[in-house]
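# Analysis of the macromolecular model
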Amino acid sequence: MSAIDLLRELLKASEKAANIARVCRRNERLFSLLVQEKDKDESNSRFEQDFKTLADCLIQEMIKHDIGARFPELRDNIRGEENAKFTNTSGDSVTVTVTDDKSETVHCLEKILNGDNDAVMALVDEVYREVELDMEGLELPTDSIPLDNDWSELGIWIDPIDATAEYIKGVEKLTKFPNIASSGLKCCTVLIGVYEICRGTPILGVINQPFAEKLLDGETDEETVSQQPQGGHGSCQYRGKIYWGLSVGDLKFNNIAPHEPEARIAILSPSEQSKYVDFIRNQLKYDVIYSSGAGYKILKIATGEAELFLLSKGTTYKWDTCAPQAILRSMNGDLFNLQETLINKSVKNIAYQDRKTIRNVGGVIAYQNIDKLREFLKL
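Residues numbered from 1 in each chain as written. Predicted model: local features only at pLDDT ≥ 70, side-chain atom pairs only at ≥ 80, totals over all residues. Heavy atoms only, no water.

### Examining the pairing of strand β6 (residues 154-162)
Of all 9 residues making up β6, 9 are buried, and the element is well covered by its neighbours. With 3 bridges connecting them, strand β3 (residues 78-80) and β6 associate as parallel partners. Paired with R79 across the strands is W157, a residue of β6. Bridging between β6 and strand β9 (residues 189-196) involves 7 bridges; their strand directions are antiparallel. Bridge assignment links I158 to a residue of β9, and that residue is I192. (Buried < 20%, exposed > 50% of the residue type's maximum accessible area, 1.4 Å probe, protein only. Helix = DSSP H or I, 4+ residues; strand = E, 2+ residues; numbered from the N terminus. Pairing = 2+ DSSP bridges.)

### A short note on the packing of aromatic side chains
The final tally for this structure, using the stated rule, is 7 aromatic pairs. Three or more aromatic residues link up through ring pairs in this structure, and these residues are W157, Y317 and W319. Between the NZ or CZ atom of R264 and the centre of the ring of Y286, over which it lies, the distance is 4.2 Å. Over the face of the ring belonging to Y352 we find K318, whose NZ or CZ atom lies 5.2 Å from the ring centre. (Phe/Tyr/Trp six-rings, centres within 6.5 Å; stacked < 30°, edge-to-face > 60°. Lys NZ or Arg CZ within 6 Å of the ring centre and 35° of its normal.)

### Comments concerning the confidence of the model for the chain
Per-residue pLDDT for the chain has a mean of 88; in total, 89% of the residues score no lower than 70. Segment residues 43-50 is flagged for pLDDT under 50; beyond a separation of four residues in sequence, or across chains, it makes 15 contacts in the model. (pLDDT = per-residue confidence, 0-100. Contact = heavy atoms within 4.5 Å.)

### Points about the side chain of D162
Among the structural elements, D162 can be located in strand β6. Buried charge without a partner: D162 forms no salt bridge, and the closest opposite charge is K297, 7.4 Å away. Among the polar contacts made by the side chain of D162, one reaches the main-chain amide nitrogen of A294 at a distance of 3.4 Å. A polar atom in the side chain of D162 sits 2.8 Å from the backbone nitrogen of G295. Not counting chain neighbours up to four residues away, the residues in contact with D162 comprise C187, C188, T189, L191, G293, A294, G295, Y296 and D320. (Lys, Arg positive; Asp, Glu negative; His and termini not counted. Salt bridge = Lys/Arg side-chain N within 4 Å of Asp/Glu carboxyl O. Polar contact = N/O pair within 3.5 Å; in protein donor to acceptor, adjacent residues only side chain to side chain.)

### Describing unusual backbone geometry
Even without glycine at this site, N114 takes up a positive phi of about 50 degrees. Looking at the secondary structure, you find N114 in the loop between α4 (102-112) and α5 (117-127). The class of N114 is partly exposed, set by a relative accessible area of 42%. Look at K285: it is not a glycine, yet its phi comes out positive at around 65 degrees. Among the structural elements, K285 can be located in the loop between α7 (274-283) and β15 (287-290). The exposure class of K285 is exposed, given its relative accessible area of 60%.

### A closer look at helix α9 (residues 318-329)
Spanning 12 residues, α9 covers 16 Å between terminal C-alpha atoms, matching the ideal 16 Å at 1.5 Å per step. Burial of α9 is extensive: 12 of the 12 residues sit out of reach of the surface. Along α9, the residues classified as buried are K318, W319, D320, T321, C322, A323, P324, Q325, A326, I327, L328 and R329. (Expected span 1.5 Å × (residues − 1).)

### Comments concerning the environment of F336
Inspection of the secondary structure assignment puts F336 in strand β17 (residues 334-337). In this structure the C-alpha to C-alpha distance between F336 and Y367, which are 31 residues apart in sequence, comes to 8.7 Å. The residues touching F336, leaving out its near neighbours within four places in the chain, are T341, V347, K348, N349, I350, G363, V364, I365, I370 and L373.

### Side note on the nonpolar core
Ranked by internal contacts, the top residues of the largest apolar core, which has 67 residues, are I63 and Y167. It is helix α1 (residues 3-26) that contributes the most residues to this core, 12 residues altogether. Not counting the four nearest positions on each side in its chain, I63 is found in contact with A13, A17, G68, I158, V190 and I192. With 33 residues, the next largest nonpolar core counts I180, L299, M331 and V364 among its residues. (Core = buried A, V, L, I, M, F, W, Y, C linked by side-chain atoms within 4.5 Å.)

Encoded structure:
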């Protein structure tokens, strides 16, 4: 069994997911039909409102279907953030499903969207579209890379659209560093992470950033263009970007070029506790930048555009961290349990073998350079 076969399918699934996200965001009428607030027992306590969208549910179930069809032994081990149950405007609860039978998916979405055929077919067309990707351009290894595990010994965590609130609002703000967004569509990511169930170690991660780059006036990209409604004041077109990382034994691969940061940057949540912010800014002498989306913030550590990500509260989940952690590990970095690392003065990795624990209770800290983490702990 080859890790590259699995990586190739995850990349295609992530791009299909990005296409669905772009289609929903492009069609203002369709987008207005999709948003629903989460139930209290499935929302994130950090936010006054924690939304899910039909796009989230549909993307999650599409990825489960596509990967499960290609690798049947994995099917029971694919898990995602969203409860796939959606309630339409008539109050009827419908579970979003994607199957081999396209007509079943059509029927399901017709119930959710109250028979709005145009909206239904816009979504279904993307769910069943064959995605072509430039695998050479994505820098996949040409050699087969065997895995030590059977497929049934691997698990997958999906976050179909991380930073859903930013996806809904779409109000973009940049920080003083042009490559780091504070909020908006750039902070949205599709996260797919693969881990070894026995050891709980992430080994393969894909991050798709559907709205990575605004296109210039007159520039087009037929495969990856979206439009962003901005309060009725015109639209912007976007091109997506895909990042991946693979770490199997001593073999490490990724498609991320080395990057020298503009400054010593720590990327934090706007809700971070002041004692940590003050320590990072005053004792460690970092430029502190606030941004949205756990997946996006950890991605910035992997790309080298920031040096430190810290979140002291236990408000991230396994679906938030599995994919970016796998990418960090492919670069000799990692993601750690903050509180256990601070208490024990030794690194404690975030792990995934406990299926009952889905929250990263002790908070998280991410570095690409482990020596920098050790410097942090000395202080």
